[in-house]
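What the coordinates show
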Amino acid sequence: MINPRQIEAFRAVMVTGGITAAAELLNISQPAVSRLISDLQYALKLTLFERRGPRIAPTSEAISLYQVVDRAFVGLELIEQTARDLTARRSGALRVAAMPALGVGFLPRYVARFLSERPRVDIALRGSTSPTILDWVATGQCELGFAHTPIDHAAVLTEKIHGIPAVAILPPGHPLAAKDVLVPKDFEGESFISTTPPALLRSRIDTVFADHDVSRVMRVEAQLTMNACAMVAAGYGVSVVDPFTAQDYVPHGLIVRAFEPRIGFDIAILRSAQVPLSMIAEDFLNGFMEEATRFRDSLIGSGGTENGPQLVRNTEL
């Protein structure tokens, strides 16, 4: 009966071309290699090597056997390398779903940086509405989901990012661009582009303007924030939107200003309540939280709200 050590000695002889070199490769004595080869030949009832002067040469049977053995060793090495990569978070697969506010620009840019350091990682990035994202995470179709809050589901755990501030957006050359911080009164009589209800941010914005008794000219409703940003950048109207989408339209001429009182744009990070996150997903999530923190800090540093928003990682078990 053959054993793994005999196969290892056989492969070493085939790779190095001799008993002495194989012994050095395996860090054992030359007689030990010879004994392992002899035992293997006896167990297989095959002659694997023939002596030709001071050297040995593989038989045709040895060459055929080596093709199988080498494939097996390559498979084992691949398993070991994969395990090392997984431990080092350099390989694996991850399925992520995101709402449009994150999925259009901010998250794909983060994914690109994440993958640049992990060339063996595969990521599937999907986009949809918050209810659909919740369903994908709950049913195991996605490991991580980024949606609007509030989210409540028995099969899903939620980590909330609180207090990222919504921002005011203006077309190029608008007179309000002279101000660093805009308030509801500044929008009195302005053509205002709103998102369609029942969006949570839309509700919060409407409440703030109602509380300050400000009348806007509500002529356009956009289903997606990116549509509102595109229209404002094109010169029609003003709006208050999430800062992630607004950032993507600055290169198109959009002017972004802080807005007071602060209107929080909350993000719910969803994951399964039954299945622990993979190491890759943990790395991905931790990196995203750091990226969001840096983005938050950039809002504060650019003349944002007086006290600045707070980014809180809050896991509700």
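Coordinates for the structure precede this section.
Quantities reported herein were computed from a predicted structural model and do not represent experimental measurements. (Residues numbered from 1 in each chain as written. Predicted model: local features only at pLDDT ≥ 70, side-chain atom pairs only at ≥ 80, totals over all residues. Heavy atoms only, no water.)

**Overview of the sheet that holds strand 7 (residues 167-170)**
Which entries qualify depends on this criterion: The criterion for strand pairing is that DSSP finds at least two bridges linking the strands in question. Only runs of H or I of at least four residues qualify as helices and only runs of E of at least two qualify as strands under DSSP, and these elements are numbered from the N terminus. Every residue pair with non-hydrogen atoms within 4.5 Å of one another is taken to be in contact. Here, axes are lines fitted to C-alpha atoms. For helices the fit covers the stretch in contact, and angles between N-to-C directions go from 0 to 180 degrees.
What the four strands build is an open sheet, ordered 8-12-7-11; its pairing is mixed. Strands at the two margins of the open sheet, each flanked by one partner only, are strand 8 (181-182) and strand 11 (239-241). As paired strands, strand 7 and strand 12 (residues 255-259) are joined by four bridges and run antiparallel to one another. Among the inter-strand pairings, Leu170 is bridged to a residue of strand 12, identified as Ile255. Sitting on the sheet, helix 9 (residues 225-233) is in contact with strand 7 and strand 11, with an inclination near 40° to strand 7.

**Remarks on the layout of surface pockets**
The cut-off we apply is this: For each structure, a 1 Å grid was placed over the protein atoms alone; sets of points admitting a 1.4 Å probe that cannot get out are labelled cavities, open sets with protein on both sides within 12 Å along at least five of seven lines are labelled pockets, and lining residues have an atom within 4 Å of a point. Grid points are joined across faces, edges and corners, and a volume is the space filled by probe spheres set on the points. When residues are grouped by polarity, Ala, Val, Leu, Ile, Met, Phe, Trp, Tyr, Cys and Pro land in nonpolar, Asp, Glu, Lys and Arg in charged, and all others, Gly among them, in polar.
There is about 600 Å³ of room inside the largest pocket. Looking at the largest pocket, it is lined by 27 residues, and the ones nearest its centre are Thr129, Ser130, His148, Ala199 and Gln223. Of all the secondary structure elements, the ones that give two or more residues to the lining of the largest pocket are helix 5 (100-103), helix 7 (130-138), helix 8 (200-211), helix 9 and strand 11. By residue class, the composition of the lining of the largest pocket is 16 nonpolar, ten polar and one charged.

**Points about the nonpolar core**
Stated precisely, the cut-off is as follows: Take the buried residues of types Ala, Val, Leu, Ile, Met, Phe, Trp, Tyr and Cys, join any two whose side-chain atoms come within 4.5 Å, and each joined set is a nonpolar core. When a residue's accessible area, from a 1.4 Å probe over protein chains only, is under 20% of the maximum for its type it is buried; when over 50% it is exposed; and in between it is partly exposed.
Among the nonpolar cores identified, the biggest contains 59 residues, and Leu102, Leu107, Phe146, Phe284 and Phe288 are the most heavily contacted of them. Per-element accounting of this core gives the leading share, nine residues, to helix 11 (residues 279-301). Excluding its chain neighbours within four sequence positions, the residues that come into contact with Leu107 are Val96, Ala98, Leu102, Leu125, Phe146, Phe284 and Phe288. In this structure, Ile7, Ala22, Leu26 and Phe49 belong to the second largest nonpolar core, which totals 20 residues.

**Topic: the pattern of salt bridges**
How we decide: Each reported salt bridge corresponds to a side-chain nitrogen of Lys or Arg within 4 Å of a carboxyl oxygen of Asp or Glu.
Within this structure, the stated rule accounts for 14 salt bridges. Arg113 is paired through a salt bridge with Glu291; the nearest N and O atoms lie 2.1 Å apart. One end of the pair, Arg113, is in helix 6 (residues 106-116); the other, Glu291, is in helix 11, and 178 residues separate them in sequence. Relative accessible area serves as the criterion here: at 40%, Arg113 is assigned to the partly exposed category. Given the relative accessible area of 12%, Glu291 is considered buried. Between Asp186 and Lys179 there is a salt bridge, and its shortest N-O distance comes to 2.9 Å. You can call Asp186 buried: its relative accessible area is 17%. Within the structure, one salt-bridge network assembled from shared partners comprises Arg202, Asp206, Arg216 and Glu221.

**Considering the packing of helix 1 (residues 4-16) against helix 3 (residues 30-44)**
Selection criterion: Small angles under 35 degrees read as roughly parallel and large ones over 145 as roughly antiparallel, with 65 to 115 read as roughly perpendicular and the rest as oblique. Handedness of a crossing is defined here by the sense of rotation of the near helix relative to the far one, left-handed for an anticlockwise turn of less than a right angle and right-handed for a clockwise turn.
Interaxial distance between helix 1 and helix 3 falls to 9 Å at its minimum, and their mutual angle equals 110°. The angle between helix 1 and helix 3 places the two elements in the roughly perpendicular class. Our pair here, helix 1 against helix 3, has a crossing hand that is left-handed. Facing Arg5, Gln6, Ile7, Ala9, Phe10 and Val13 of helix 1, the residues of helix 3 in contact are Val33, Leu36, Ile37, Asp39 and Leu40. Within the contact of helix 1 with helix 3, the residues separate by chemical class into eight nonpolar, one polar and two charged.

**What about the environment of Pro276?**
For Pro276, the location among the structural elements is in the loop between strand 13 (264-272) and helix 11. Overall, the relative accessible area of 68% leaves Pro276 in the exposed class. Separated by 133 residues in the primary sequence, Pro276 and Glu143 place their C-alpha atoms 9.3 Å from one another.

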